[in-house]
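# A look at the structure
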Amino acid sequence: TEAPTAGAPPARCPVAHGFDAMGDDYYTDPAQHFAAVRDEHPVFFYPYLNAWIVTRRDDAEAILGDWQKFTSGANSGLIDVPERYRDVMPPDLISQMLVGSDPPSHTVHRFVAQRGFTKARMEALQPEIEARAHRVVDKFEADGRANLVSDYALELTTQTIMAHMGLGYEDEAMMRQLRDDFFAVLASAQEPLPEPRRSEVWDRYIAATLYLREVVEQRRENPGEDLISDMAAVREKDGTPTLSAAQIALHLTEFAAAGVDSTTQAIANAVLFLDQNPEARADALADPGLWPRVFEETVRRRPSSTFASRQAQADVEIGGAQIRKGDMVWLALASANTDPTRTPRPFEFDIHRPEPEDHLTFTQGRHTCLGQSLARVQGATALKVLYERLPSLRPAPEVPLEFVRMALLPVRRNLPVEWDVADVARQQKKVLRQMDLTVLGRTEASDGVVALTLGHPDGEALPSWKPGAHIDVHTGVGGAGRVCQYSLCSSPARPESWRIGVLREPESRGGSIFIHDDVREGSTVTVSWPRNNFRFHDSPRYVFVAGGIGITPIIPMIEAAQAQGAEWTLLYGGRTRSSMAFLDELAAHGDRVQVRPQDEFGLLDLEGLLGDVAPDTLIYCCGPEPLLQAIEEATAHWPVGSLHTERFAPKKVVRTEPDTEFEVEFAESGVTATVPPGRSILEVAEEAGISALSSCQEGTCGTCETRIVTGRADHRDSILTPAEQDANATMMICVSRAAKGCPRLVLDR
Ligand code: FES
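Along every chain, residues carry numbers that run from 1 in the direction the sequence is written. Local features in a predicted model are, by the rule used here, given only for residues with pLDDT of at least 70; side-chain atom pairs are given and counted only at 80 or more, and totals for whole chains, interfaces and linings are based on all residues. With hydrogens and water set aside, each side-chain value is computed from the structure's full complement of heavy atoms.

So, on to the overall build of the chain. A run of H or I in DSSP counts as a helix once it spans at least four residues, and a run of E counts as a strand once it spans at least two, with each numbered from the N terminus. On a plain count of helices and strands, the chain comes out with 26 helices and 31 strands. Taking the principal axes of the C-alpha coordinates as reference, the chain spans close to 95 × 55 × 50 Å. Exposed residues in this analysis have more than 50% of their type's maximum accessible area, buried residues have under 20%, and partly exposed residues fall in between, with area computed by a 1.4 Å probe over protein chains only. A buried classification covers 56% of the 749 residues belonging to the chain. Should any heavy atoms of two residues lie within 4.5 Å, those residues are considered in contact. For the chain, contacts bridging at least 24 residues in sequence account for 70% of all contacts bridging at least 6. Of the accessible surface of the chain, which amounts to about 31,400 Å², a share of 50% is contributed by carbon and sulfur atoms. All accessible-area figures derive from a Shrake-Rupley calculation using a 1.4 Å probe, and residue coverage is judged against the displayed protein chains alone.

Encoded structure:
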C-alpha cells in the first residue's frame, strides 16, 4: 500500500504531519505514534484515509454514543462489490453487515446473532477451549520454537470459531482463507484493493458466502447445537425466519474474521508485553487467576483494531476541527485508551489496574463488540495454557515487523517465539496429559503381536514426537485397568496417526491381554502424550539391535538415520521368524537388516557385531533383559555414552545391604518427610499430598522423574544412562533412594 501522496493538497485542516499509518512506527506501537501528535492535534485530517482521526477518549465516546449523528452505515455502504457479483451480493445485502449498519436493521440482526455470544455461553465454552489449546501446544512443544501467530493463536481461534459454528474439519481451509478475505473486503471501503487481488479476494469471498448459505439452509432442516442452528432457528411470530440464509451467511463471514484475527493479534501482543514486563509475567505465572487481567491490559494498551470508523451525518465541530456532513471520522481506539486525561500512567503495562475493563477496545453503544466475551475467555485461556505448558516462552531475539499493513487492523503475521525444551519435559511430568484416541486400524503384525493405528477422533493432528518416544495406554474397561507403555513405531512425519505394536504377554498383569482380546477397530483408548526416555541422537553411524517386540522403537530410528544419510545396520532377533513383527517393512532395507530368529541361528552374535569399537558410532538396543545384559557386557570396552538401551522390565540388581531411613525435603511444597526402609519416596510424597505423577512404579517409564536440588541419589531405575546417573541431576522417585552416607535429599517437588 502506498503512503500518503506527498504534495497533494489536504482536503481538510489541520493535518498532522508526521502521522503515517503505513510507517514502521505505527506498526511498532500505534498508541505511541498517536501520542506524538495528540496534544497538538487532538482531531486531525489524514488525507491517505480521506478521514478525520479523533484521538481523545472524551471525543471518541461522544461519537460512539451518537449513532444518529455518526453512522456506521458507510463501513459497508462504501464497499465496492464487483459488477459480476451484484446479483448474489446486492448493495442492500452487504450494507446489512453488523459492523456497517444502523438501527433499525442493525437491532434485528444483532438480536439474532447475539443469542450465540452471551457471556454465560462463552464462559461455558472455556473447558473446551482449554482442551483445544493443549492439543495445539502438543503439536509443537517438542520443537523449542514456533511462529506464535500461525502455529498457535490462529490455529486455536480458527478451530474455536469453527466448533462454535458447528463446521467440520473439511471446512477448515475455506475458513482460514475467509478470515483474510473478509478483512480485505471490509477495508476496501476505505482502502481500495488493487487488481488482481481484488478479483481473487471477491471470487473466494462470494464462494464462501454461497457455501455458508447452503449450510444455513441445511441447519434449518436439521438443527444442531451450534451458532448457525441458533441463528437459523429465530423466527417471526408467523413462523417465517427472521433472517434469510444470505443474511445469516453474511454475518458468519464477519464472525469468521472478527472472532479469529483480533484475538490472535491480542495473544501475540500479550506475549510481547509480558516479555517487556517481567513482573507482570511472574505475577501471572504465580497466580493463573490473573490471565484475564493480562489479556485485558493487553487489549487496552494495544487494541487489535486500531480504529472504529463512522460517517458524520451533519456538520459538527469536534476538538476544534470543522467536520462536514459526509466526512469519514476514524476513532483512534489505541489513542483513546492511552489518553492521560482518562487513564493514569497510560503507557505502563499494569495488570493490577482497579478497573481493567475501562477502555474502548470493544467500543461502546450499539456497536459494542458482539464477540467480546468470546475474545476474553479465549484470550485469557490461550495465555494461561501457553505459559503453563511453556513457562520459559519468550520472543525470539529478532522479531520482524512483518504485518499486513492495514490502518484499521494491523495484522501481524509472524511472531517467532522460543522456549527451553528441557523445561517442557519438567512441565510434562507435572501435568500428565491424556487424550482419548480412536483405533483406526488393527492388524496382526506377527504371531502374538497386534499393531494398532491410533488417531484423533476429529482427525486432528496428534502431538509431535521424536524416535524412541512411548505412550502410556490405559487398559481395561473405560481405561480403569493397568497402564502399559508402548513405543511409537510409526513415522514422526505422519502426525495424523500413531502406531504401536503390542505383544500378548500371558504372564503379565493383563494389559496386553485386554488389548488383544477387547480392543478393536473403532474402539476408544485413553493414552498419554508421548514421552521419551530413549532419545535418538545425531551420529554418522548407528548399530541397532532389537530383540522381539523391542523392534518397535527402532523402526522410527531407522527412518531418521536414513533421512540424515547416516550409515546403519540392524541386528534383529526373536524366538522364531513367525513371532517377529514388521519383517515385511524391514525387508525394504535389504542387507542392512539381519534377521536372526533364535530357532534358526541361535543367540545373537553380539561379539561378532560389536567386538571391534567403530568410531563415531551409537548403539541403540531394545529387547528383553538377557539381551540388554549381554549387550552391556559386549560393549563394555566401547567409549562411555555409545550404548543406549530401553528396557521392558526393571534391571535386576542384587543388593547386599538393607535399605536405610533418610529424610527428603520437597522444596516446592515446603514439606519434609522421612522415608523408611521398604517405602519409596513416591509413596511418601503421595501420602503428604504432594502431586507426583507416576505410572510403572518400577523405574522403567520415567514418569516420576524429579529434579535433585541437593543430596546424592542411589539410582535404581532402568532409564538413566550411567553417565546421567552419575550427573545426579534427576532421579526416579518410585525406586531410587538416597545414596549411602546421604541422610537428606532435597527435591524439586
Ligand atoms: Fe515409572 Fe517411576 S513411575 S519410572
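From this point, things continue past the structure.
The source of the domain bounds is an automatic or database domain assignment. One can read the domain layout of the chain as domain 1 (24–418), domain 2 (432–532), domain 3 (541–647) and domain 4 (662–747). When each unit is reduced to the centre of its C-alpha atoms, the spacing between domain 3 and domain 4 is 32 Å.

Attention now moves to helix α10 (residues 172–187). To estimate the expected span of a helix, subtract one from its residue number and multiply by 1.5 Å. Compared with an ideal rise of 1.5 Å per residue, which puts 16 residues at 22 Å, α10 spans 23 Å between its outermost C-alpha atoms and is within 8% of the ideal. Residue Leu178 marks the point of greatest curvature in α10, where the axis turns by about 30°. Restricting attention to buried positions, one finds in α10 the residues Glu172, Met175, Leu178, Arg179, Asp181, Phe182, Phe183, Ala184, Val185, Leu186 and Ala187. Here the bend at a residue is taken as the angle between two axes, fitted respectively to the seven residues that end there and the seven that start there.

Below, the discussion takes up the nonpolar core. Tyr152, Tyr205, Leu252 and Phe255 are the most contacted members of the largest nonpolar core, which has 122 residues in total. With 17 residues, helix α13 (residues 245–276) is the single largest residue contributor to this core. Dropping the residues within four chain positions of it, Tyr205 is found in contact with Met89, Met97, Leu178, Asp181, Phe182, Val185, Leu250 and Thr253. One finds Cys489, Phe534, Val593 and Tyr620 within the second-largest nonpolar core, a separate group that totals 30 residues. Take the buried Ala, Val, Leu, Ile, Met, Phe, Trp, Tyr and Cys residues and link them wherever side-chain atoms come within 4.5 Å; each set so joined is a nonpolar core.

The amide bond that connects Glu195 to the next residue, Pro196, takes the cis arrangement and shows omega of 5°. Within the element layout of this structure, Pro196 appears in the loop between α10 and α11 (197–221). Backbone geometry places Arg345, a non-glycine residue, at a positive phi of 40°. Phi angles above zero are rare outside glycine, and Phe582 is one such case at about 65°. For Phe582, the position within the fold is in the loop between β21 (567–574) and α21 (583–586).

Turning our attention to the pairing of strand β22 (residues 593–597). Only one face of β22 is covered, namely the face carrying Val593, Val595 and Pro597; the face carrying Gln594 and Arg596 is uncovered. With five bridges joining them, β21 and β22 adopt parallel strand pairing. Bridging from a neighbouring strand, Leu571 pairs with Gln594 of β22. Two strands pair if DSSP finds at least two bridges between them.

Before going further, it helps to examine the confidence of the model for the chain. What pLDDT expresses is the predictor's confidence in each residue, scored from 0 to 100. On average, residues of the chain score 88 in pLDDT, and 94% of them reach the 70 mark or higher. Below a pLDDT of 50 lies the segment residues 1–10, which in the model reaches 10 contacts outside its immediate sequence neighbourhood of four places, other chains included.

For the rest of this paragraph, the subject is the packing of α13 against helix α14 (residues 278–286). An axis is simply a line fitted to the C-alpha atoms; with a helix, the fit covers only the stretch in contact. Between two such axes, the angle follows the N-to-C directions and lies from 0 to 180 degrees. Put simply, α13 and α14 touch, their axes get as near as 5 Å, and they point 110° apart. Compared by their axis directions, α13 and α14 come out roughly perpendicular. Here Leu274, Asp275 and Gln276 of α13 lie close against α14, whose contacting residues are Pro278, Ala280 and Arg281. Taken together, the residues of the contact of α13 with α14 sort by class into three nonpolar, one polar and two charged. Any angle that falls under 35 degrees is termed roughly parallel, while one over 145 is termed roughly antiparallel, one within 65 to 115 roughly perpendicular, and all others oblique. Only Asp, Glu, Lys and Arg are considered charged in this grouping, and only Ala, Val, Leu, Ile, Met, Phe, Trp, Tyr, Cys and Pro are considered nonpolar; every other residue, Gly among them, is considered polar.

A separate point is helix α15 (residues 291–301). Among the 11 residues that make up α15, nine are buried, leaving the element largely enclosed by the rest of the structure. Along α15, the residues that are buried comprise Trp291, Val294, Phe295, Glu296, Glu297, Thr298, Val299, Arg300 and Arg301. Packing partners of the buried residues in α15 comprise α2 (30–38), α13, α14 and α17 (372–389).

What makes a salt bridge here is a side-chain nitrogen of Lys or Arg within 4 Å of a carboxyl oxygen of Asp or Glu, nothing more. The final tally for this structure, using the stated rule, is 54 salt bridges. Residue Glu61 is joined to Arg342 by a salt bridge in which the shortest nitrogen-to-oxygen separation is 3.0 Å. Taken as a pair, Glu61 in helix α3 (residues 57–64) and Arg342 in the loop between α16 (333–336) and α17 lie far apart in primary sequence, 281 residues in all. Among the residues examined, Arg342 registers a relative accessible area of 30% and is labelled partly exposed. Between Arg219 and Asp226 there is a salt bridge; the shortest N-O distance is 3.1 Å. Per residue, the accessibility class of Arg219 equals that of Asp226, and both read buried. Within this structure, Arg57, Asp58, Glu61, Arg342 and Asp358 form a network of salt bridges that share partners.

Any two rings among Phe, Tyr and Trp, with Trp reduced to its six-membered ring, count as a pair given centres within 6.5 Å; such a pair is stacked if its planes are under 30 degrees apart, edge-to-face if over 60, and tilted if neither. All told, the structure shown has 26 aromatic pairs when counted by the stated rule. Charge-over-ring placement is defined geometrically: NZ (Lys) or CZ (Arg) within 6 Å of the ring centre, and within 35 degrees of the ring normal. Of note, Arg596 hangs over the ring of Phe601, and the distance from its end group to the ring centre comes to 4.6 Å.

If you trace the five strands from one edge of the open sheet to the other, you get β22-β21-β20-β23-β24, paired in parallel fashion. Each of the sheet's edge strands pairs with one partner strand only, and the pair in question is β22 and β24 (643–647). On average, adjacent strands in this sheet sit at an angle of 10° to one another, irrespective of strand direction. Across the face of the sheet, helix α20 (residues 551–563) comes into contact with β20 (541–547), β21, β23 (617–623) and β24 while running at roughly 160° to β20.

Packing of helix α9 (residues 148–165) against α13 leaves a shortest axis separation of 9 Å and a crossing angle of 145°. The two elements α9 and α13 meet at a crossing, and its hand is right-handed. When α9 is examined against α13, the residues Leu148, Val149, Ala153, Leu154, Thr157, Thr158, Ile161 and Met165 are found in contact with a partner set consisting of Leu252, Phe255, Ala256, Gly259, Val260, Asp261, Thr263, Thr264, Ile267, Ala268 and Val271. Considering only residue class, the contact of α9 with α13 consists of 13 nonpolar, five polar and one charged. Handedness of each helix crossing follows the sense of rotation of the near helix against the far helix: counterclockwise by less than a right angle gives left-handed, clockwise gives right-handed.

Here we take up the sheet that holds strand β29 (residues 730–732). Taken in spatial order, the five strands line up as β26-β25-β31-β27-β29 in an open sheet, and their pairing is mixed. If you trace the sheet from one side to the other, it starts and ends with β26 (671–675) and β29, each paired once. Recorded for the sheet is a direction-independent mean angle of 40° between the axes of neighbouring strands. Looking at chain direction, strand β27 (residues 705–710) and strand β31 (residues 744–747) are connected through two bridges and run antiparallel.

Among the five residues of β24, four are classified as buried, and the element is accordingly described as predominantly covered. When β23 meets β24, the two strands line up parallel, connected through five bridges. Bridge pairing in β24 places Tyr620 opposite His644. In this view, the connection linking β23 to its parallel neighbour β24 by way of helix α24 (residues 625–634) has right-handed handedness. Whether a crossover is right-handed comes down to one check: with the strands pointing away from the viewer, does the path from the first strand over the helix to the second run clockwise; if it does, it is right-handed.

By secondary structure assignment, the location of Thr55 is in the loop between β2 (51–54) and α3. Given the relative accessible area of 0%, Thr55 is considered buried. Whenever two N or O atoms come within 3.5 Å, that pair is a polar contact, provided that in protein one can donate a hydrogen and the other can accept it, and provided that, for residues adjacent in sequence, both atoms are side-chain atoms. Reaching out from Thr55, the side chain makes a polar contact with the backbone oxygen of Pro42 at a distance of 2.7 Å.

Before going further, it helps to spend a moment on the environment of Ser490. By secondary structure assignment, the location of Ser490 is in the loop between β16 (483–487) and β17 (498–503). Separated by 137 residues in sequence, Ser490 and Arg353 have C-alpha atoms that sit 51 Å apart. Filtering out sequence-adjacent residues up to four positions away, Ser490 remains in contact with Trp465, Ser497, Trp498, Arg499 and Pro556. A polar side-chain atom of Ser490 sits 3.0 Å from the main-chain amide nitrogen of Arg499.

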